[in-house]
Amino acid sequence: MQLGLSVSDSDVSSFTPLVVLELADDTKAEAITWLLNRIRDKQKIGGAELLVDQLLFPAQDGQKSNPNVFVVGSTLQRLLKGAEDVGLFKEFQDGIMRGFTYANRESFKDFYGDGEGFLSDAECQYIIKHELDTLRAKNEEHVPGYPKVKLYPGKSVVRRLQSKGVLVQYFPLHNKEDLKRLSFSWYKKIKLSFQPLDDIRHYFGEGLALYFGFLEYFTFALVPMALIGIPYYLFDWEDYDKYVLFAVFNLVWSTVFLEVWKRCSATFAYGWGTLSRKKAFEEPRAGFHGALGFNPITGREEPVYPSSKRQLRIYLVSVPFVLLCLYLSFYVMMVYFDMENWAISVYNENPNFGTGILLFVPSIIYAVVIEIMNLLYRYAAEFLTNWGEPEILLFSLLITVFFFFFFLQFNFVNCFASLFYIAFVMQDMVLLRQSLATLLITSQILNQVMEAFLPYWLQRRRNKKVHKRMRRVMGDKELPLLEQVQLETEMNTYLGTFDDYLEQFLLFGYVSLFSCVYPLAAVLVVLNNITEVYSDAFKMCHVFKRPFSEPAANIGVWQLAFETMSIIAVVTNCALIGLSSQVKAYFPESETQMILIVVAIEHVLLAFKFILAFVIPDVPKDIQVKLAKLEFDSLEALKKRVSTHLYMCTYLQHANRKCDHLYDRPCQKVLHC
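On a predicted model such as this, the values are computed, not experimentally measured, just so you know.

1. With respect to the packing of helix α5 (residues 176–186) against helix α16 (residues 521–542)
- For the pair α5 and α16, interaxial distance at closest approach is 11 Å and the crossing angle is 170°. Here α5 lies roughly antiparallel to α16, going by the angle between them. Judged by residue contacts, L179, S183 and W186 of α5 engage Y534, A537, C541 and H542 from α16.
- Split by residue class, the contact of α5 with α16 holds five nonpolar, two polar and no charged.

Rendered as structure tokens:
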């Protein structure tokens, strides 16, 4: 946990800077002094009890640098006590994951000496973030120097400053040595092996480690589908009878894939100490302010927002906006079909190499438009979420169920509506295969460019400018920390795993929904995910600021999204098989009978799917035993504590009778008990 340079502090001779805190360059001096004192104050008087010092950057190109940049660190003892406050789970000497307590620290595995190295970098920075976020207003009515910035008793000071623009940003610093080692073992060597998930978790936290674990698992799970799909694609292209077996295998695979992932994620989460960890209660987000009221759950006084107004905003603004976006999506889809018909007519009039390429142009343009529309809708939906749901705390698109499912619905319609229309209205399987392949390949190329290569190119340009400015001002002086902070301050902020999971969700849809029409989809997704691992690893290490750790026990609501997609896939594949001419040939006189049989098969497959999901346990047996043992030990400890308390009360009551007899007054200890 060494960054290579220490910063002097008034209380301690040196400390390791872990977090950067940047205030606005015109922040009032009294506000800065007040905030730094609150950060340094002891916990018992409401402070964070952290170490903080100022970084002074030299003027660059005649312009004054922001003087209000600070680095925050902590003593090891404070971090260990903070680990207990945030509820970290660590491996005990008996091999069971237990909640860490400072009093029993020496009973935990890997705790040696004073505990150096016991906490990972990500955990240390998460603890500091927690202490900063829970730095609460006491009796102050407003921020010193800012009479209009009201403070609410018991509410987060840091979040309030951030919402008013006084606090520009705060983020964890990269650890150069650890980052170099992680980069070498993760993506700098092209190799067919598992990712170093434990190292990723140690550096970035459990949330990102789970995403990369899911990405790796999804990629390996697709290999059987890809191996089976290649011969189907090459040799039996028009034989839909044989595709029935492939479709059934796809449906069974999608169920087993998701159920086994639950077991894998439970194994990861238990080993990382997040499976039994309790989630902290969420507070109102920083940007919300309003009349004070009482929270019915916590009993605390906090800003509240009338439910009637919130419902009006949802139903009069958000819902109409979503419907408008869906209408635009369908309109663009119909324009795409007009372009497709035009390209086909041109090819039929003059079939040659040029007009043959022209057949793919409408699908490519449509794929690009889909990506642009998804991006625009994301920003609009994020704005509506923050505006229409002001009582939510964390800046994450998964917080609001309303936003998540409507945004998912829009992406689903935007990406798959044209394919459903071609399959079930036009019933043109050749065009369906062509459109699916074009959409899949184009979206993969665009995602790689937009997510990794373009941000890296922009960041590299910024890095060169900062490096030149710093060297021109400082000359040959040693400036590793100053330059590092300057570079990371100007990096883009990583907004979370939402977009990454969304991309995998859409790819899963391309594979599962139309497997009997385009078996090669799994091959393309495998190739995409192999490059995705390297590009995502690269952007996390060199393109974005280091994100704070986000403890996670599973992939959350995405599990439900993937399972819903797999159910839709059953209906879609059965319907596609029923539409094939080979299947219709078995029922030349009764189409109703064919429909009933297809529906019956679909119900059987759905029933089999749910039975399979029920039979496969979500948590492995050995972890279930360890969790049960932890619960048993907790109950036994509680019983022992209660029995000890009752014994002491009985003893003191007996002593009280002696007090009454000797001194004609009750024993004060009994009264306290």
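2. Focus on the side chain of D121
- When you line up the elements, D121 lands in helix α3 (residues 121–133).
- It is R546 that comes nearest to the buried, bridge-free D121 among opposite-charge side chains, at 4.1 Å.
- In this structure the side chain of D121 is engaged in a polar contact, spanning 2.9 Å, whose partner is the side chain of N175.

3. Side note on the packing of aromatic side chains
- Within the structure shown, the criterion is met by 40 aromatic pairs.
- When the centroid spacing of 5.2 Å and the interplanar angle of 70° are considered together, the rings of F111 and F118 count as edge-to-face. Judged on exposure class, the residue F111 and its partner F118 are both buried.
- One residue, K28, lies across the ring of Y146, its end atom 5.2 Å from the ring centre.
- A cation sits over an aromatic face here: K129 above F548, 5.7 Å from the ring centre.

4. A word on the nonpolar core
- In terms of nonpolar packing, the biggest core is built from 103 residues, with F416 and F514 touching the most fellow members.
- No other element matches the 14 residues that helix α7 (residues 206–235) contributes to this core.
- Listed in part, the 45 residues of the second largest apolar core include L18, V19, A31 and F100.

5. Considerations on helix α1 (residues 29–40)
- For α1, built from twelve residues, the straight-helix expectation of 16 Å at 1.5 Å per residue is met to within 8% by its first-to-last C-alpha distance of 17 Å.
- Among all positions of α1, only A31, I32, W34, L35, L36, R38 and I39 are buried.

Analysis parameters
Residues numbered from 1 in each chain as written. Predicted model: local features only at pLDDT ≥ 70, side-chain atom pairs only at ≥ 80, totals over all residues. Heavy atoms only, no water. Axes fitted to C-alpha atoms, helices over the stretch in contact; angles between N-to-C directions. Helix = DSSP H or I, 4+ residues; strand = E, 2+ residues; numbered from the N terminus. Parallel < 35°, antiparallel > 145°, perpendicular 65-115°, else oblique. Contact = heavy atoms within 4.5 Å. Nonpolar A, V, L, I, M, F, W, Y, C, P; charged D, E, K, R; others polar. Buried < 20%, exposed > 50% of the residue type's maximum accessible area, 1.4 Å probe, protein only. Lys, Arg positive; Asp, Glu negative; His and termini not counted. Salt bridge = Lys/Arg side-chain N within 4 Å of Asp/Glu carboxyl O. Polar contact = N/O pair within 3.5 Å; in protein donor to acceptor, adjacent residues only side chain to side chain. Phe/Tyr/Trp six-rings, centres within 6.5 Å; stacked < 30°, edge-to-face > 60°. Lys NZ or Arg CZ within 6 Å of the ring centre and 35° of its normal. Core = buried A, V, L, I, M, F, W, Y, C linked by side-chain atoms within 4.5 Å. Expected span 1.5 Å × (residues − 1).

Read these as geometric descriptors, not functional statements.
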